[in-house]
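# A closer look at the structure
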Amino acid sequence: MEKVRDLVREGKRVAKEDPRRVVHSFKVGLVLSLVSSFYYYQPLYDSFGVNAMWAVMTVVVVFEFSVGATLGKGLNRVAATLFAGALGIGAHHLASLSGSTGEPILLAIFVFIQAALSTFVRFFPRVKARYDYSLLIFILTFALISVSGFREEQVLVLTHKRISTVIIGGFSCVLISIFVCPVWAGQDLHSLLASNVEKLSFFLLEFGDKYCETVKDGDTKEVDKRKNDFDNYKSVLNSKSNEESLANFAKWEPGHGQFRFRHPWKQYLSIGGLIRQCAYRIDALNSYLNADIQVSIDIRKKLEEPLRRMSLESGKAMKEMSVSLTKMIKPSSSDLHVRNAQSACKSLTSLLHSGILKEVESQELISLLTAISLLIDIINLTENILESLHELASAARFKDKIESPIFAEKPNSKSIVCGWATKGQDDHVVTIVNDDCCNGNTSEKGNRSNKVLIHEKHENCVHEKHEDDDAHVNSSCDSCGHTSLRVIVECR
């Protein structure tokens, strides 16, 4: 009874982990029930005979979890069966010309040559990635037709029945897979990359506080959740095989949703490789949090501001990239976060050159500089990931990010202000702000005014300008310290 309970618990866990597995199980049962009718229904059995079992065998070996895997296996099996069937008939005809004595010898030679060459070709990396299954079926079908044709007089009829049942079984699998609760490998690959980037962002957003020991204890559940999020990056380290198999399956899939027929799946593998490289650096960086040799708290406090900014801005860039992947929109603010991280890196370099580490012991110095070097590598990899994501967004035709209207309550007023971000001249982003209390009420327009908020985009920062009550614009920027004051004209 205890084993039964364990099995029930395991079944619930597997089903809860991915409910699509339960649906897939029902789909397999449905297809097998349909093709089994060829054996149970007498008119169909009279047409195909025992060869109807090939349809059942095809369903068992072809039906996979995703549409791409099923379609790839189905097409490979059908193509290999047709080609091997044609060659098998040809081999049988040539062997029969040599007489009863030479026929089995020639058939054995043909089977040997075909099996040896096909098996050798299976070792080619590109062939093994996409056509390994078709070569396996090719070897099997050619051998079966050649050998069975030696004892079977009506070899054409035999070949026709077997090929027909294989096609019926494969076609049934593809139809059910596509039209009944389809599972798209391309969508899974897309979601996997977005999830992996998000996992890296969790670590980077928390690393600065943890390294500088500024994290405060709070609610136990919240602490446990943050710890789990902090360690989630480890699942990214071993994601290569899963990404490659999903990309291979996705190439077989027809266009669906936002994924076109010739979607740039290779670019996903490029991004996935960069993400894993970043995860390896993060794993090494994580080891320095609990290392035996640590620099003093005083030194960490002196380096806290640039270190936290480097980690935080990289994490924000990763988070923005994850959101853009999930929504299939072009990343907008990730470039700014990467530049801010690089700016913090320059600040940290200047701080180190100032001689702040002169009194630090050599072992502590090595530990600190190694951690900083890893963090710099992570920033560079973040930039590389962003560049690859821009290439993917262009090739896959991601949508431009649409800014939502901004609503805010005006001071000393019960009215609501609404505005939209629009592109202005000289790389300025101008937000036109309208007072909804003025709409449709001309008597109040003399006492109300439309205002303009201007966001100036400089090389490494964004300047925000707000109009005050005296029709002046106050401009300030925390990144570069730029401040200005000028007068603008109000629309009254």
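What counts as what
Residues numbered from 1 in each chain as written. Predicted model: local features only at pLDDT ≥ 70, side-chain atom pairs only at ≥ 80, totals over all residues. Heavy atoms only, no water. UniProt positions renumbered as here; feature names shortened; annotations may be inferred. Helix = DSSP H or I, 4+ residues; strand = E, 2+ residues; numbered from the N terminus. Buried < 20%, exposed > 50% of the residue type's maximum accessible area, 1.4 Å probe, protein only. 1 Å grid on protein atoms, 1.4 Å probe; cavity = no way out; pocket = protein on both sides within 12 Å on 5 of 7 lines; lining within 4 Å. Points joined across faces, edges and corners; volume = space filled by probe spheres on them. Nonpolar A, V, L, I, M, F, W, Y, C, P; charged D, E, K, R; others polar.

With that settled, consider the UniProt feature "transmembrane region" (unreviewed entry) in the chain. When the UniProt feature table is mapped onto this chain, "transmembrane region" (unreviewed entry) is found at residues 21-40, 52-71, 105-124, 131-151 and 163-185. Across residues 52-71, helical content stands at 75% and strand content at 0%; the span's end C-alpha atoms are separated by 21 Å. Structurally, residues 105-124 is divided into 85% helix and 0% strand, and its ends, taken at the C-alpha atoms, are 30 Å apart.

To continue, consider the environment of Val-28. As for its placement among the helices and strands, Val-28 is situated in helix H2 (residues 20-40). Residue classification places Val-28 among the partly exposed residues on the basis of a relative accessible area of 24%. Counting along the chain gives 37 residues from Val-28 to Phe-65, while the straight-line C-alpha distance between them is 9.4 Å.

This part takes up empty space enclosed by the protein. It is the rolling of a water-molecule-sized probe over the atoms that shows where space remains empty. Taken as a whole and judged by the stated rule, the model has two cavities of 30 Å³ or more. Approximately 70 Å³ is the volume found for the largest cavity. Around the largest cavity, the lining residues are Trp-54, Arg-77, Thr-81, Ile-137, Leu-140, Thr-141, Leu-144, Ile-145, Arg-162 and Val-166. Only helix H5 (67-96), helix H7 (125-151) and helix H8 (155-179) provide two or more residues apiece to the lining of the largest cavity. A per-element tally of the lining of the largest cavity places H7 first, with five residues. For the lining of the largest cavity, the per-class residue count stands at six nonpolar, two polar and two charged. The biggest single contributor to the lining of the second largest cavity is helix H15 (residues 362-395), with three residues. For the lining of the second largest cavity, the per-class residue count stands at seven nonpolar, no polar and no charged.

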